[in-house]
Each structure stands twice: as structure tokens, then as C-alpha cells.
Amino acid sequence: MKNDLNLKSTLIEDASIQASIQHWVKMECNQLSAGEIVGTIDILELDTLKIVRESQLVTIQKTGITDSNFCALSYCTLDPNFRFSEQTKNVADTLFFLPEFTEYDILVPAGAQTTYMALNQKAFFDSARILDPKQWEHPPQKLIAVNNEHQSILKKTLDMWFNVAETSNIMDIQLESFFLNRSLLEYLLHIVTFNNIGSYPSYSECVSSFQTYQ
């Protein structure tokens, strides 16, 4: 079985580089505070899904517009100065959903870490409206906040995804992107529809999913 996980970890010295390496989204990054190192960025590309984790050492502003059939689920470590367009609600259990053709303006303070999952919007909605038709039958046309009390589990699980991908590269463990992509998409769908279906995969179940595909 081919190990086709694509994991990249990059030290960013210029904000424009932080934008350019995320070529799947139209974005401009501007550095707003002093510092020679902007931050670090980890990108895990699966079959149709990308996980991006950015750790900022300086304050930056990200602006842009999403492409057709692109959507993202995003969150930030708790910081009173974080702002996502018109959304300023700063709670640890808030996910932000960004649909296609949406302009955004994000202020990320120095010391904050943001993570987002870039998704195929049609694939996401086709499944989400089945699990939670009340919330997702009519796709949002703008940025919305998705409150979820299990964001800490989501963060822990995504960190595990990065750790496993890094280990698989170092130890030449065979993992296939297609199956992990499907497993992660199912997990995200359960997370965002938790209040409706009443259950979601546990952390141990997520660990087991990796072992299944090795």
C-alpha cells in the first residue's frame, strides 16, 4: 500500500510566503507587529481534504475570498484579540464555517494558533444535510459560528492526525490518503452535527481508525 500522505512543516519568515503556500485559497497575509519570524505552518494534504495549523509569532491580518466548491471549518486558540471577519465571539467551543464565494478578514494575534480544515463543499453538504437537515438543508451563504462543546476533542484529534502523519513518514509506515480522508470527513461531520445526532467518535476510536488503515 502506497504511503501518499503529504505533510509539510514550514518556518515562515515572510507573511507573503504564508499566503502563497496555501495555493488553494485566495489570500493575502500582512504582518502587523515586529518580528523576524512570522510563525510556523503545518499542512497535511489528504485525498480531497487539507488540514492547516498555523502558529503565529507575530500579529498578522489575512484577507481574501473563497473559491467555488471550497469551504472550511476553522478555530483559534482562546485569545481576546482574535477576530474572524464580523465574528468576534471568543469562546473555546466555537467553530467557524466559511462557505464558497465568501470574503474574509482575519486578525490573528501573536501567540495564537489557528487550525482549519479545507473541504469540498458539495461533499460536505451532501452528508451534513442528512445528519442534521435543520442546520444544513440550506447551505449558509456567509461565515457562521458553529458552537460545539467538544472542540477540545477536535483539537486533540487533529493534533493526533499530524503526529501520526509525521511518524508514518519517519518510520515508513504505510498509510493511504483516501481512507484517512474518508475517516476524517466522517469525524468532522459528527462533530458539527453532534447536538442533533447525540454522539460522535471518541478519541480512542479515532486512534483505532489509523491502525485500521496501516
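Here the structure is a predicted model, which is why all the values come from computation and not from measurement.

This paragraph deals with helix α2 (residues 121–131). Every buried residue belonging to α2 is among Gln-121, Phe-124, Phe-125 and Ala-128, and all of these are buried. For α2, the arc enclosing every buried residue in end-on projection is 90°, short of the 170-degree limit, so these residues lie on one face. Turned more than 90 degrees from where α2 packs its buried face, Lys-122 and Ile-130 sit exposed. The backbone nitrogen of Lys-122 lies 3.1 Å from a side-chain oxygen of the residue at the head of α2, namely Asn-120.

Here we come to the pattern of salt bridges. Following the criterion strictly, the structure yields 8 salt bridges and no others. Between Asp-42 and Arg-53 there is a salt bridge, with its nearest N and O atoms 2.9 Å apart. Of the two residues, Asp-42 sits in strand β3 (residues 39–45) while Arg-53 sits in strand β4 (residues 50–56), which places them 11 residues apart along the sequence. For Asp-42, a relative accessible area of 14% puts it in the buried group. You can call Arg-53 buried: its relative accessible area is 14%. A salt bridge links Asp-126 to Arg-129, with the nearest nitrogen and oxygen atoms 3.2 Å apart. Remark: Arg-129 and Asp-126 occur in helix α2; sequence separation between them is 3 residues, near one turn of the helix. A relative accessible area of 32% places Asp-126 in the partly exposed class. Among the charged side chains, a salt-bridge network with shared partners connects Asp-42, Arg-53, Lys-155 and Asp-159.

Our focus in this paragraph is the sheet that holds strand β9 (residues 103–108). Sheets are built from strands paired through backbone hydrogen bonds, the pairs being either parallel or antiparallel. One open sheet holds the 4 strands; their spatial order is β2-β5-β9-β7, and the pairing between them is antiparallel. Whereas interior strands pair on both sides, the edge strands pair on one side only; in this sheet they are β2 (26–31) and β7 (83–84). As defined by bridge partners, β2 adjoins strand β5 (residues 60–65) across 6 bridges and the pair is classed as antiparallel. Across the sheet, the residue bridging to Met-27 is Gly-64, located in β5.

Counting residues in hydrophobic clusters, the biggest one holds 32 residues, and the most contacted among them are Ile-51, Phe-97, Phe-124, Trp-136, Leu-154, Leu-184 and Leu-188. Mapped onto this core, the elements with two or more residues apiece are β6 (70–76), β8 (94–98), β10 (113–120), α2, β11 (144–147), α4 (151–171) and α5 (177–192). Per element, the largest residue contribution to this core is 8 residues, and it comes from α5. Other than its neighbours up to four places away in sequence, Leu-184 contacts Leu-46, Leu-49, Ile-51, Leu-158 and Trp-161.

Attention now goes to the packing of aromatic side chains. Tallied over the full model, the rule gives 10 aromatic pairs. Ring centres 5.7 Å apart and planes at 55° place the aromatic pair Phe-97 and Phe-125 in the tilted group. Taken together, the residues Phe-97 in strand β8 and Phe-125 in helix α2 connect sequence positions 28 residues apart. Accessibility classification places Phe-97 together with Phe-125 in one group, the buried group. Consider the rings of Phe-97 and Trp-136, whose centres lie 5.1 Å apart with planes at 70°: the pair is edge-to-face. One end of the pair, Phe-97, is in strand β8; the other, Trp-136, is in helix α3 (residues 133–136), and 39 residues separate them in sequence. On the accessibility criterion, Trp-136 (0% relative accessible area) is buried. Ring-pair connections join several aromatic residues into one group, and the members of that group are Phe-97, Phe-124, Phe-125 and Trp-136.

Conventions used here
- Residues numbered from 1 in each chain as written.
- Predicted model: local features only at pLDDT ≥ 70, side-chain atom pairs only at ≥ 80, totals over all residues.
- Heavy atoms only, no water.
- Buried < 20%, exposed > 50% of the residue type's maximum accessible area, 1.4 Å probe, protein only.
- Helix = DSSP H or I, 4+ residues; strand = E, 2+ residues; numbered from the N terminus.
- Arc of directions from axis to C-beta.
- Polar contact = N/O pair within 3.5 Å; in protein donor to acceptor, adjacent residues only side chain to side chain.
- Salt bridge = Lys/Arg side-chain N within 4 Å of Asp/Glu carboxyl O.
- Pairing = 2+ DSSP bridges.
- Core = buried A, V, L, I, M, F, W, Y, C linked by side-chain atoms within 4.5 Å.
- Contact = heavy atoms within 4.5 Å.
- Phe/Tyr/Trp six-rings, centres within 6.5 Å; stacked < 30°, edge-to-face > 60°.

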